Amino acid sequence: MHYNGVNSGEQDVTCGVPQGLVLGPLLFIIYTNDLPNALRGSRCILFADDTTIYHSSIDLNASAATLANDLEQLTDWFRANKLSLNVSKTNYMIFSNTLNLPETHMNIGNEQIAKVGNTKFLGIQMDDKLNWKKHLDYCKNKMSSGLYALKTVKHLLPPQQLKSLYYTLIHPYLNYGTILWGSAAKTSLKRIQVLQNKAIRAISNSKYNDPVIPLYIKLKITPIEELYKIHLAKFMYQHQHQLLPKPLLSLYHPNTDTHQHNTRHRQDPHITRRRTHQISKTFIHKAPEFWYTIPEKIKEARSISAFKYRITRLLGY
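Bear in mind the structure is a predicted one, so any value in this text is a computation, not a measurement.

Caption draft 1: Representation of the packing of helix α4 (residues 159-169) against helix α7 (residues 186-204) within the structure. Relative to each other, α4 and α7 sit at 155 degrees, their axes nearing to 9 Å. Classified by the interaxial angle, the pair formed by α4 and α7 is roughly antiparallel. Only Gln-196, Ala-199, Ala-202 and Ile-203 of α7 make contact with α4, whose side of the interface consists of Pro-159, Leu-162, Lys-163 and Tyr-166. In terms of residue class, the contact of α4 with α7 is made up of 6 nonpolar, 1 polar and 1 charged.

Caption draft 2: View of a nonpolar patch on the surface. Where nonpolar side chains cluster on the molecular surface, the patch consists of Leu-21, Leu-23, Leu-26, Leu-27 and Ile-30 and spans about 450 Å² of accessible area. One can find Leu-27 in helix α1 (residues 24-31).

Caption draft 3: Representation of unusual backbone geometry. Positive phi outside glycine occurs at Leu-130, with the angle close to 55 degrees. Within the fold, Leu-130 resides in the loop between β9 (124-127) and α3 (133-153). At Lys-220, a residue that is not glycine, the phi angle is positive and equals roughly 60 degrees. Here Lys-220 is to be found in the loop between α8 (213-219) and α9 (224-240). Given the relative accessible area of 58%, Lys-220 is considered exposed.

Caption draft 4: Representation of the sheet that holds strand β5 (residues 91-92) in the model. If you trace the 3 strands from one edge of the open sheet to the other, you get β5-β7-β6, paired in mixed fashion. The outermost strands of the open sheet, each flanked by one partner alone, are β5 and β6 (106-108). Inspection of the sheet shows β5 paired to strand β7 (residues 111-115) by 2 bridges, in the parallel sense. The partner of Tyr-92 across the bridge, within β7, is Lys-115. Along the sheet, helix α2 (residues 60-80) makes contact with β6 and β7, crossing β6 at roughly 10 degrees.

Caption draft 5: Broad picture of the packing of aromatic side chains. Overall, the coordinates contain 6 aromatic pairs when judged by the stated rule. When the centroid spacing of 5.3 Å and the interplanar angle of 80 degrees are considered together, the rings of Tyr-166 and Tyr-167 count as edge-to-face. Ring geometry for Tyr-237 versus Phe-307: centroids 4.7 Å apart, planes at 20 degrees, classification stacked. Within this pair, whereas Tyr-237 is found in helix α9, its partner Phe-307 is found in helix α14 (residues 304-314), the two being separated by 70 residues in sequence. Like Tyr-237, the residue Phe-307 is buried in the burial classification. Taken together, the aromatic side chains of Tyr-237, Trp-291 and Phe-307 make up a single cluster linked through ring pairs.

Caption draft 6: Examining the pairing of strand β4 (residues 50-54) more closely. When strand β3 (residues 43-47) meets β4, the two strands line up antiparallel, connected through 5 bridges. Bridge pairing in β4 places Phe-47 opposite Asp-50. Between β3 and β4, which pair antiparallel in sequence order, lie 2 residues; one of them, Ala-48, sits at a positive phi of approximately 55 degrees.

Caption draft 7: Highlighting α3. Compared with the 30 Å implied by 1.5 Å per residue over 21 residues, the 30 Å span of α3 between its first and last C-alpha is a close match. For α3, the set of buried residues is His-135, Leu-136, Cys-139, Met-143, Gly-146, Leu-147 and Leu-150. Relative to the axis of α3, the buried residues are bounded by an arc of 110 degrees and lie together on one face. In the core, the buried residues of α3 are packed alongside β9, α4, α5 (171-175), α6 (178-181) and α7.

Rules of the game
- Residues numbered from 1 in each chain as written.
- Predicted model: local features only at pLDDT ≥ 70, side-chain atom pairs only at ≥ 80, totals over all residues.
- Heavy atoms only, no water.
- Axes fitted to C-alpha atoms, helices over the stretch in contact; angles between N-to-C directions.
- Helix = DSSP H or I, 4+ residues; strand = E, 2+ residues; numbered from the N terminus.
- Parallel < 35°, antiparallel > 145°, perpendicular 65-115°, else oblique.
- Contact = heavy atoms within 4.5 Å.
- Nonpolar A, V, L, I, M, F, W, Y, C, P; charged D, E, K, R; others polar.
- Patch = residues over 30% accessible without salt bridge, like charges linked within 9 Å, V, L, I, M, F, W, Y side chains within 5 Å.
- Areas by Shrake-Rupley, 256 points an atom, 1.4 Å probe, with all protein chains shown as cover.
- Salt bridge = Lys/Arg side-chain N within 4 Å of Asp/Glu carboxyl O.
- Buried < 20%, exposed > 50% of the residue type's maximum accessible area, 1.4 Å probe, protein only.
- Pairing = 2+ DSSP bridges.
- Phe/Tyr/Trp six-rings, centres within 6.5 Å; stacked < 30°, edge-to-face > 60°.
- Expected span 1.5 Å × (residues − 1).
- Arc of directions from axis to C-beta.

As far as function goes, none of this settles anything; it's purely spatial.
What follows is the structure, given as C-alpha cells:
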C-alpha cells in the first residue's frame, strides 16, 4: 500500500490508509484474508503482514513443483490486489534430515528467492534440522546482556527489585516458545541453564559455587528444565479442555477410541508410537507422556491459572 505524489505537493492516496492509523492493521488483515484461497497445493500461515506458505512430502521435487506453482498464483494475487512483495525479505528453507539434497531454485516472477539454513519466524530462530541451536544461541546472547545488567546493579538494588529485573531482561527468553525448543539436546540447553544459574546467584548475592536449587526455591523462580515441563502440562490441560486451535486439538484422540477398557487413563490422550527419534523428542510426544505422570487432583483444576499454580507447586517451585 502506497502514496503517489503529484505536482502540487499534495498526496493523492490511490489505495491504502495513512500510516499509523489505528484501523490500519485490522483493515490489512481483512484485505488479505482471502490470500490462502489463491493457493492450490500448499498451506498458509498469516500473521499481520508476515505470510508463510509450506508444503510437506517425501518427494522433494514434488514439493518444489507445488510451491513453484503456488508462488505463481501468489504473484497474480498480489498484482490483482495492488500489493508489492519485498523479494529481498523473502526466502525459503527445506526441513530435512537428509544430508545430500538435490539442488533447488525458487522464483517469484523473474526474481530468485534466497535459500537459507535458518530464519526468524514469529520470534523463533528456526533451522532446517530443527535442532534449535540457532535459537538457543540467540537466547544466550540476550540473556548474557541481561545478566550483565543484573551484576552491574546487584549491590545497589534489593533482591526483590533484582528479581523484577530478571523477569524483565532474562525470563522472557526462557519462557517464549519453550514448548518447541525445550526438547533440544541437553548439551545445548546446559548453556542456557548456566546463565540462568548465574542470574539466580546474582539476585541472591551468592557465591559462584553455592548450590542453586535452594536459591531457586527461595526466590520462587523455576529452572528451565522444570519450566519446560510446565509448558508441556499447560498444553495438555488446554487440549483436554478444548482451549486450543482446531489443528492442535486434532493431534490426539482419547484412549477410549483405541480400547474400551475401564482404566483410569481412558480419557487421557493416546500416545502413538513415533516413527523417528526426532519426532519422539518433540512436544507432540513429550506432552502426553508427561501428562500421564500428573496426579488426577491437579488435572481437575478449574482454570488454567489454578492448574499452573498446582503443577508449579508439584515440581517444587
